Amino acid sequence: MTYTPKPIDTTGVELEPEIAALTEQLARNTHDLWAQQRIANGWTRGSHRDDRAKKHPGLVPYDELPDSEREYDRRTAIGALKAITALGYQIEPAPQLNTVPDQSFEERLEHEIGDSSRKDDFDMNDGREIAMAECHPRLADALQWLAGTVGKQWAAEDREASQSQSRHRHLSRIAIVAGTAAIVFAILQLAAHAVTVPSVKNVASKLEAIAVSAALLAVGVGVMARMNRRWLVHRHRAECLRMFKFCALDRLWSYNDEAWKRWVGDKLREIPSAGSHVSEEWPEEDDIEDEEPRPIRSRDSGFTRALIAYYRIKRLEYQRRYFDARFKAYSNTMRPWHHISLWLFFASVICVLIHFGLEWGANRVILVWERRLDDAGIWFVALAAIIPVVGAGIRAWFGAFERTRSASLYKEKLTAIDRANERLEEHAHDLAAIRREIAITEQFLKQEHREWLRLLHDAEWFL
């Protein structure tokens, strides 16, 4: 009998933003339940799956899973939520997510930013903030509106950018490693031919053919699919939407709610579509308008405090933590390789000197040793040629992901955010000064994004 799966039809189900915010928590819980059952049945972590030995590579914390595995758990969680909705049930958030008494909205935000499960989208996912009793009603309504407009588009662009960038990185690594290996094996073939070692020559020839094929395939697929342009254009749009969200929140001081929603809708349509043709001028385009803050119409002190607290923590503090983490990660990665080029140069020179010494000695020994010294000298010449090739491959590896320059950019951004935080504290009671600082900070973040964009746009597809 042929089994035909018939899941509940959820094609027309749209989850509310605060319910969709549960996706990551449910995905994490799905993984933990699966892992708990496996461990209870005697399974342990292994480099690959082995049913007989009860080994599985997926027995790791959720955050350490590959993107494909986490995406599988997310789809499972979303499917369950949509199925419940399709069956006619309603899921409603609790009126208060934190039972700690007498906390202000700012203190609640400080608590939330420390939640590791929210580190990937804390500034864009406002499901928990909307449900907080301490959140000002007008701010909660605005966040709800933005979640259904800006937030939904951002989530789609961010997901597409992450998936495309992951594929781009895999292709880059294959192309760099395979290309470097092909040159190394070619040099080994020449050395083996010169010293008449057929076995080494044959093995090197086969390995070279494999490496060349892998490199050509990776480069060919990358060029045809234009993976760099694909992930960059989606990341560009995602960042435009992120900046627009906080630009829109600033307008809440200047518009009534209906006028503000119309403005958001109009401006949202002006942000370039990721599916449209990308011209050579797009890194220079002004995607978020630059203008002085509009006059303040809202004088609700509770709303003002809530919006300032939201911006300071959800925007500045989150960005500061992100920049700090990226700067440390890139710096730690690059530190062991900081002087690699110099050491490889010295190693290559030493190999040449050894070759010179062997060649000099070969002319002054008996005939039996002359051939051996000549052969050894050829291998050292080959090694002297291979070392710079390996060095070039290492530089290409780091250049493909712009780690050195990215570390510098993140350091500059971190410093700027720290200064912005200091200035906001200095002007804590001056709303006009606070708005000026917010506008200056957003302008800085926009210009830094454009500089990063231009840096990658001008690079080769895998360099």
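Nothing here was measured: the structure is a model prediction, and the numbers come from that model.

Right, let's get into the overall build of the protein. Of the regular secondary structure elements, the protein holds 14 helices and two strands. Relative to its full complement of 463 residues, the protein shows a buried share of 44%. Carbon and sulfur atoms form 57% of the exposed surface of the protein, whose accessible area is close to 26,000 Å².

Turning next to the packing of aromatic side chains. Using the criterion set out here, one finds seven aromatic pairs in the structure. Aromatic side chains F122 and Y318 sit 5.9 Å apart centroid to centroid with 40° between the ring planes, which places their arrangement in the tilted category. With F122 in the loop between α4 (105–113) and α5 (127–131) and Y318 in helix α10 (residues 301–334), the pair connects residues that are 196 residues apart, well separated along the chain. Take F122: its relative accessible area is 1%, and that puts it in the buried class. By relative accessible area, Y318 is classed as buried at 10%. Their ring planes at 20° and their centres at 5.7 Å tell us that F244 and W263 sit as a pair that is stacked. With F244 in helix α8 (residues 227–250) and W263 in helix α9 (residues 257–270), this residue pair connects regions lying 19 residues apart in the sequence. Overall, the relative accessible area of 3% leaves F244 in the buried class. When its relative accessible area of 11% is taken as the criterion, W263 is described as buried. Members of the aromatic cluster, each reached through a chain of ring pairs, are F246, Y310 and Y311. Directly above the aromatic system of W43 lies the positively charged group of R38, at a separation of 4.4 Å from the ring centroid.

Let's shift gears to α9. When the terminal C-alpha atoms of α9 are compared, their 20 Å separation across 14 residues agrees well with the 20 Å that a helix rising 1.5 Å per residue should span. If you check which residues of α9 are buried, you get A259, W260, W263, V264, G265 and L268.

Position of H136 among the secondary structure elements: in the loop between α5 and α6 (137–194). For H136, a relative accessible area of 17% corresponds to the buried category. From its side chain, H136 meets the backbone nitrogen of R138 in a polar contact 3.1 Å long.

Attention shifts here to the environment of L139. Position of L139 relative to the elements: it lies in helix α6. Every residue in contact with L139, bar those within four places of it in the chain, is listed here: F105, L249, F303, A306, L307 and Y310.

Within α4 the residues assigned to the buried category are F105, R108, L109, E112 and I113. Down the axis of α4, the sector holding all buried residues measures 135°, keeping them to one side.

Within the secondary structure, L453 is located in helix α14 (residues 431–457). Given a relative accessible area of 1%, L453 falls into the buried group. C-alpha of L453 to C-alpha of V233: the two residues are 220 residues apart in sequence and 9.4 Å apart in space.

With that out of the way, let us pick up the nonpolar core. Residues F105, L139, V150, L249, W260, V264 and Y310 are the most contacted members of the largest nonpolar core, which totals 53 residues. Of all elements in the fold, only α4, α6, α8, α9, α10, α13 (403–426) and α14 reach the threshold of two or more residues within this core. Beyond its immediate sequence surroundings of up to four residues, W260 is in contact with A142, W145, L146, A248, R251, L252 and Y255. Grouped together as the second largest cluster of nonpolar side chains are six residues, V184, A191, A382 and V389 included.

Looking now at the pattern of salt bridges. When charged atoms on two side chains of opposite charge get close, those side chains can pair. Going through the model one piece at a time under the given rule, you end up with 23 salt bridges. Across the salt bridge formed by E110 and R312, the nearest N and O atoms sit 3.0 Å from each other. With a gap of 202 residues between them, E110 in helix α4 and R312 in helix α10 connect regions that are remote in the sequence. Looking at R312, the relative accessible area reads 17%, which means it is buried. Here E157 ties to R237 by a salt bridge, and the two come within 3.1 Å at their closest N and O atoms. Of this pair, E157 sits in helix α6 while R237 sits in helix α8; the two residues are 80 residues apart in sequence, bridging distant segments of the chain. Residue R237 is classed as buried on the basis of its relative accessible area of 9%.

Turning our attention to unusual backbone geometry. Residues other than glycine seldom take positive phi values, yet K54 does so here, at roughly 55°. Tracing the chain through its elements places K54 in the loop between β1 (44–45) and β2 (55–56).

A word on the confidence of the model for the protein. A residue-level look at the protein finds 79% of positions with pLDDT of 70 or above and a mean pLDDT of 76. In the model, residues 95–101 has pLDDT below 50 throughout and makes 13 contacts with residues more than four positions away in sequence or in other chains. Throughout residues 276–290 the model reports pLDDT below 50, and contacts reaching past four residues in sequence, or to other chains, amount to 35 contacts.

With that settled, the discussion passes to the environment of D51. Along the chain, D51 turns up in the loop between β1 and β2. A distance of 2.8 Å separates polar atoms of two side chains, one belonging to D51 and the other to R49.

Glancing now at a nonpolar patch on the surface. A contiguous nonpolar patch, built from L342, W343, F345, F346, V349 and L353 and spanning about 640 Å² of accessible area, is present on the exposed surface. Along the chain, the position of L353 falls in helix α11 (residues 340–362).

What follows covers the side chain of E437. Within the element layout of this structure, E437 appears in helix α14. Under the relative-accessibility criterion, E437 is labelled buried at 10%. In this structure, E437 is in contact with R423, L424 and H427, ignoring residues within four places of it in sequence.

Calculation rules
Residues numbered from 1 in each chain as written. Predicted model: local features only at pLDDT ≥ 70, side-chain atom pairs only at ≥ 80, totals over all residues. Heavy atoms only, no water. Helix = DSSP H or I, 4+ residues; strand = E, 2+ residues; numbered from the N terminus. Buried < 20%, exposed > 50% of the residue type's maximum accessible area, 1.4 Å probe, protein only. Areas by Shrake-Rupley, 256 points an atom, 1.4 Å probe, with all protein chains shown as cover. Phe/Tyr/Trp six-rings, centres within 6.5 Å; stacked < 30°, edge-to-face > 60°. Lys NZ or Arg CZ within 6 Å of the ring centre and 35° of its normal. Expected span 1.5 Å × (residues − 1). Polar contact = N/O pair within 3.5 Å; in protein donor to acceptor, adjacent residues only side chain to side chain. Contact = heavy atoms within 4.5 Å. Arc of directions from axis to C-beta. Core = buried A, V, L, I, M, F, W, Y, C linked by side-chain atoms within 4.5 Å. Salt bridge = Lys/Arg side-chain N within 4 Å of Asp/Glu carboxyl O. pLDDT = per-residue confidence, 0-100. Patch = residues over 30% accessible without salt bridge, like charges linked within 9 Å, V, L, I, M, F, W, Y side chains within 5 Å.

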